[in-house]
Amino acid sequence: MAAAREICANTKFDCSLRVNDMKAVIFAGGFGTRLSEETAIRPKPMVEVGQRPILWHIMKICAAHGINEFVVLGGYKVEFIKNWVLNYRDTLCDFTVDLRSGDVTFLTNGVEPWKITVLDTGLETMTGGRLKRGQAAIGNEPFLLTYGDGVSDVNLTDLIAFHKAGGKMATVTAVEPPGRFGILGLDEAGVVKTFREKDKRDTGLINAGFFICEPGVFDLVDGDATVWEAEPMDRLVQMRELAAYRHDGFWAAMDNVHDRTVLERMWAAGTAPWKVWRG
């Protein structure tokens with residue numbers, strides 16, 4: 001109980017609706033070709049904003065709502081993510097090391113109470129296939145699913161509550177930025193009736209990630225070549241099992257160098273809307 005109160009004290013949100021033990025699953029295996037200036041040497045989730053990988057920012061958003069367990073679905077240059085996780089405490093904390101014995105005593109331990117699973121889901125595996133490969137680590141409970149390059153001030157606590165109330169197999173967060181992402185068509189009840197991926201001519205509500213999924217979605221993935229945003233989401237639409245949670249606040253994807261520069265400037269100015277945690 002004391003730990004829960006401490007988490008609530010460090011977030012801007014009401015923690016009363018938190019789903020305990022929910023994992024956040026993060027797509028982090030793509031090549032990031034439109035950010036090749038950075039991704040030639042490291043995977044996109046390791047590209048830094050404010051001297052921290054954008055993956056860290058996404059985890060902090062989740063942790064602000066009490067989600068402290070993560071499954072990272074890596075692929076391209078996954079060793080960078082593994083090394084960052086393995087060295088995270090050593091880098092941030094002061095320590096004393098006995099060089100003869102190799103014993104290390106940490107003098108400070110102010111790191112986040114996170115449990116992180118990093119999986120190599122294959123270099124060429126598509127998003128749906130990555131999700132399927134992570135099934136054993138994710139488990140048989142509802143989970144949050146998002147992308148390793150998008151940040152938002154979306155209220156995940158409310159999103160989780162909305163999903164539970166809706167009773168659908170999956171819920172996607174819908175926003176209104178420029179029309180370069182998958183377009184969602186909703187009916188009056190907020191259920192997705194059409195979905196079309198990435199058409200630059202489109203405007204309107206789009207797929208911003210931050211899904212809440214029931215474990216039944218694993219059955220919609222055929223194999224490594226399955227793209228999550230194609231067959232599985234199309235099937236959810238046809239089954240009327242995809243709901244949309246509308247978010248009218250901030251959302252941004254770090255898709256290219258310009259996007260990263262914009263996020264970096266916001267962070268440096270202390271005006272980053274996605275910083276929903278304190279400290």
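All of the points below concern the structure found in this document.

What counts and how
Residues numbered from 1 in each chain as written. Predicted model: local features only at pLDDT ≥ 70, side-chain atom pairs only at ≥ 80, totals over all residues. Heavy atoms only, no water. Salt bridge = Lys/Arg side-chain N within 4 Å of Asp/Glu carboxyl O. Helix = DSSP H or I, 4+ residues; strand = E, 2+ residues; numbered from the N terminus. Buried < 20%, exposed > 50% of the residue type's maximum accessible area, 1.4 Å probe, protein only. Phe/Tyr/Trp six-rings, centres within 6.5 Å; stacked < 30°, edge-to-face > 60°. Lys NZ or Arg CZ within 6 Å of the ring centre and 35° of its normal. Arc of directions from axis to C-beta. Contact = heavy atoms within 4.5 Å. Patch = residues over 30% accessible without salt bridge, like charges linked within 9 Å, V, L, I, M, F, W, Y side chains within 5 Å. Areas by Shrake-Rupley, 256 points an atom, 1.4 Å probe, with all protein chains shown as cover. Axes fitted to C-alpha atoms, helices over the stretch in contact; angles between N-to-C directions. Parallel < 35°, antiparallel > 145°, perpendicular 65-115°, else oblique. Nonpolar A, V, L, I, M, F, W, Y, C, P; charged D, E, K, R; others polar.

**Some remarks on the pattern of salt bridges**
- Counting across every chain of the model gives 10 salt bridges.
- In this structure, the salt-bridge partner of Glu 112 is Lys 60, at a minimum N-O distance of 3.3 Å. Of the two residues, Glu 112 sits in the loop between strand S6 (104-106) and strand S7 (115-120) while Lys 60 sits in helix H3 (residues 54-63), which places them 52 residues apart along the sequence. Per residue, the accessibility class of Glu 112 equals that of Lys 60, and both read buried.

**Remarks on the packing of aromatic side chains**
- Throughout the structure, instances matching the rule amount to 15 aromatic pairs.
- Measuring from ring centre to ring centre gives 5.2 Å for Phe 31 and Tyr 76, while their planes differ by 45°; the resulting arrangement is tilted. Separated by 45 residues along the polypeptide, Phe 31 in the loop between strand S1 (23-28) and helix H2 (36-39) and Tyr 76 in the loop between strand S4 (69-74) and helix H4 (78-92) bring together distant segments of the chain.
- With a relative accessible area of 33%, Phe 31 lands in the partly exposed category.
- According to the relative accessible area criterion, Tyr 76 is buried, its value standing at 13%.
- Measuring from centroid to centroid gives 6.4 Å for Trp 56 and Trp 267, while their planes differ by 80°, and the two rings are edge-to-face. Pair noted here: Trp 56 is in helix H3 and Trp 267 is in helix H9 (residues 257-268), with a separation of 211 residues, a long-range link.
- The class of Trp 56 is buried, set by a relative accessible area of 6%.
- Ring pairing ties together the aromatic residues Trp 56, Phe 250, Trp 267, Trp 274 and Trp 277, which thus form one cluster.
- Between Arg 52 and the ring centre of Trp 56, over which it is positioned, the NZ or CZ distance is 4.5 Å.

**A few points about helix H7 (residues 156-166)**
- Among the residues of H7, those classed as buried are Leu 156, Thr 157, Leu 159, Ile 160 and His 163. Buried residues of H7, viewed axially, fall in a sector of 165°; they line one side.
- At its buried positions, H7 is contacted by H3, strand S8 (143-147), strand S10 (170-175), strand S14 (211-213) and strand S15 (242-246).
- Once H7 ends, the next one or two residues include Gly 167, with phi positive near 70°.

**Structural notes on unusual backbone geometry**
- One non-glycine residue with positive phi stands out, namely Gln 51, at about 65°.
- With respect to the helices and strands, the residue Gln 51 is situated in the loop between strand S2 (48-49) and strand S3 (52-53).
- Residue class for Gln 51 comes out exposed when judged on its relative accessible area of 69%.
- Phi at Arg 240 is positive, roughly 55°, even though this residue is not glycine.
- For Arg 240, a relative accessible area of 40% gives the class partly exposed.

**Structural notes on helix H8 (residues 231-238)**
- Along H8, the residues classified as buried are Pro 232, Met 233, Leu 236 and Val 237. Angularly, the buried residues of H8 cover 140° about the axis, an arc narrow enough to put them on a single face.
- The first or second residue beyond H8 is Arg 240, which carries a positive phi of 55°.

**Overview of a nonpolar patch on the surface**
- A grouping of Phe 95, Val 97, Leu 99 and Val 104 is seen on the molecular surface, where their side chains present a nonpolar patch of about 390 Å² in accessible area.
- Mapped onto the elements of the fold, Phe 95 is located in strand S5 (residues 95-97).
- A relative accessible area of 40% places Phe 95 in the partly exposed class.

**Considering the packing of H3 against H4**
- The N-to-C vectors of H3 and H4 enclose an angle of 60°; their axes lie 12 Å apart at closest approach. Looking at the two axes, H3 sits oblique to H4. Residues Leu 55, Trp 56 and Met 59 of H3 touch H4, and the partners they reach there are Ile 81, Trp 84 and Tyr 88.
- For the contact of H3 with H4, the per-class residue count stands at six nonpolar, no polar and no charged.

**Considerations on the environment of Gly 75**
- Its place among the elements puts Gly 75 in the loop between S4 and H4.
- For Gly 75 and Pro 43, which are 32 residues apart along the polypeptide, the C-alpha to C-alpha distance reads 8.6 Å.
- Sequence-distant contacts of Gly 75, defined by excluding residues within four places in its chain, comprise Ala 28, Gly 29, Asp 120, Gly 122 and Arg 130.

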